[in-house]
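Inside the fold
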Amino acid sequence: MSGMRMSFDERLASHLKRVEQDLQAAKAAAVKPAGLTVPQYAALFVLDEQPGISAAELARRCLVTPQTMTTILRNLEASTLIERTPHPLHKHVIETRPTPAGRKALDQADERATGVERRLAAAFSDEERDVLRALLARVSETLTTDPILDR
């Protein structure tokens, strides 16, 4: 393979990208009836587990940039799905929590998104899921330690 071009089908990245797009499309269809996008759903999901989390930590947990999270939060706030209030002791820290309407939207979206996750899990045996997780972890490790990132 060295020195020779790889075909599209030989490239693992093309298969990973296709699966990512398929998953995003399924999740988008799942959360749409609740009036949410996948990034909004992810933010509400994390906020429900960790009310008051900082926007920076929320961005990290949702795997988006802080700038993207600012937009997500602005849209959720405009839809009255979250409330943002100054921290009682640290006035420069803004705490973010789901509103009752946000929890309702999250519950509706999560029921359908969980269905996607369950159908995906059901396509594999317990052992296959463990192997898949290990393989995906290896992919991530390989990519995040690639020497090309040091340049």
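Here is a short report on the structure shown in this document. Residue numbers restart at each chain and count upward from 1, following the sequence in its written direction. Thresholds applied to this predicted model are a pLDDT of at least 70 for local features of residues and 80 or more for the giving and counting of side-chain atom pairs; totals over whole chains, interfaces and linings are not thresholded and use all residues. Side-chain descriptors were evaluated using all non-hydrogen atoms of the structure, hydrogens and water having been removed beforehand.

**Focus: the side chain of Thr 99**
Threshold: Strands are runs of DSSP state E lasting at least 2 residues, helices are runs of H or I lasting at least 4, and numbering of each runs from the N terminus. To sort residues, take the accessible area from a 1.4 Å probe on protein chains only and compare it with the maximum for the residue type: under 20% means buried, over 50% means exposed, and anything in between is partly exposed. Contacts are assigned to residue pairs that have any heavy atoms within 4.5 Å of one another.
Here Thr 99 lies in the loop between strand S2 (94-98) and helix H5 (100-122). The class for Thr 99 is buried, based on a relative accessible area of 12%. Look past the residues within four positions of Thr 99 in its chain and what remains in contact with it is Thr 80, Leu 81, Ile 82 and Glu 83.

**Some details on the packing of aromatic side chains**
Definition in use: When two rings of Phe, Tyr or Trp (its six-membered ring) have centres within 6.5 Å they constitute a pair, described as stacked for plane angles under 30 degrees, edge-to-face for angles over 60, and tilted for the intermediate range.
What the rule picks out here adds up to one aromatic pair. Taken together, a centroid distance of 6.0 Å and an interplanar angle of 50 degrees make the contact between Tyr 41 and Phe 45 tilted. Placement of the pair is Tyr 41 and Phe 45 together in helix H2 (residues 38-49), with a separation of four residues, close to one helical turn. A relative accessible area of 9% means that Tyr 41 is categorised as buried.

**Section: the nonpolar core**
We count it as follows: In this description, a nonpolar core means a group of buried Ala, Val, Leu, Ile, Met, Phe, Trp, Tyr and Cys residues linked to one another through side-chain atoms lying within 4.5 Å.
Val 31, Leu 36, Tyr 41, Ala 43, Leu 58, Met 69 and Leu 76 are the most contacted members of the largest nonpolar core, which totals 23 residues. Elements represented by at least two residues in this core include exactly H2, helix H3 (55-62), helix H4 (66-78) and H5. A per-element tally of this core places H2 first, with six residues. Beyond its immediate sequence surroundings of up to four residues, Leu 76 is in contact with Leu 36, Gln 40, Ala 43, Leu 44, Leu 81 and Ile 82.

**Section: a nonpolar patch on the surface**
Inclusion rule: Patch membership requires more than 30% relative accessible area and the absence of a salt bridge. Residues of like charge join within 9 Å; the nonpolar side chains Val, Leu, Ile, Met, Phe, Trp and Tyr join within 5 Å. Residue exposure ignores everything except the shown protein chains as possible cover, and the areas themselves are Shrake-Rupley values with a 1.4 Å probe. Should a side-chain nitrogen of Lys or Arg be within 4 Å of a carboxyl oxygen of Asp or Glu, the pair is scored as a salt bridge.
A cluster of nonpolar side chains, contributed by Leu 12, Leu 16, Leu 23, Leu 120, Phe 124, Leu 132 and Leu 136, occupies part of the molecular surface with about 580 Å² of accessible area. Going through the elements one at a time, helix H1 (12-31) and helix H6 (126-144) are the ones with two or more residues in the nonpolar patch. Per element, the largest residue contribution to the nonpolar patch is three residues, and it comes from H1. Within the secondary structure layout, Leu 16 lies in helix H1.

**Examining the packing of H2 against H5**
Worth spelling out the cut-off: A fitted line through C-alpha atoms serves as each axis, taken over the contacting stretch for helices, and the angle formed by two N-to-C directions is quoted from 0 to 180°. Roughly parallel means an angle under 35 degrees; roughly antiparallel means over 145; roughly perpendicular covers 65 to 115; every other angle is labelled oblique. Handedness of a helix crossing follows the sense of rotation of the near helix relative to the far helix, less than a right angle counterclockwise being left-handed and clockwise being right-handed. Any residue that is not Ala, Val, Leu, Ile, Met, Phe, Trp, Tyr, Cys, Pro, Asp, Glu, Lys or Arg is counted as polar, Gly included; the first ten are nonpolar and the last four charged.
Axis separation between H2 and H5 bottoms out at 10 Å; the angle between their running directions is 110 degrees. The orientation of H2 with respect to H5, classified from their angle, is roughly perpendicular. In this structure, H2 meets H5 at a crossing whose hand is left-handed. Where H2 approaches H5, its residues Tyr 41, Leu 44, Phe 45 and Asp 48 are matched on the opposing element by Gly 102, Arg 103, Leu 106, Ala 109, Asp 110 and Ala 113. Its residues placed into classes, the contact of H2 with H5 shows six nonpolar, one polar and three charged.

**What about the side chain of Glu 95?**
Threshold: The term polar contact refers here to a pair of N or O atoms within 3.5 Å; inside protein, the definition further demands a hydrogen-donor-capable atom paired with an acceptor-capable atom, and it admits residues adjacent in sequence only when both atoms are side-chain atoms.
Along the polypeptide, Glu 95 turns up in strand S2. Overall, Glu 95 belongs to the buried group, its relative accessible area being 14%. In terms of polar contacts, Glu 95 uses its side chain to reach the side chain of Arg 97, at 3.1 Å. Filtering out sequence-adjacent residues up to four positions away, Glu 95 remains in contact with Gly 52, Glu 83, Arg 84, Thr 85, His 87 and Pro 88.

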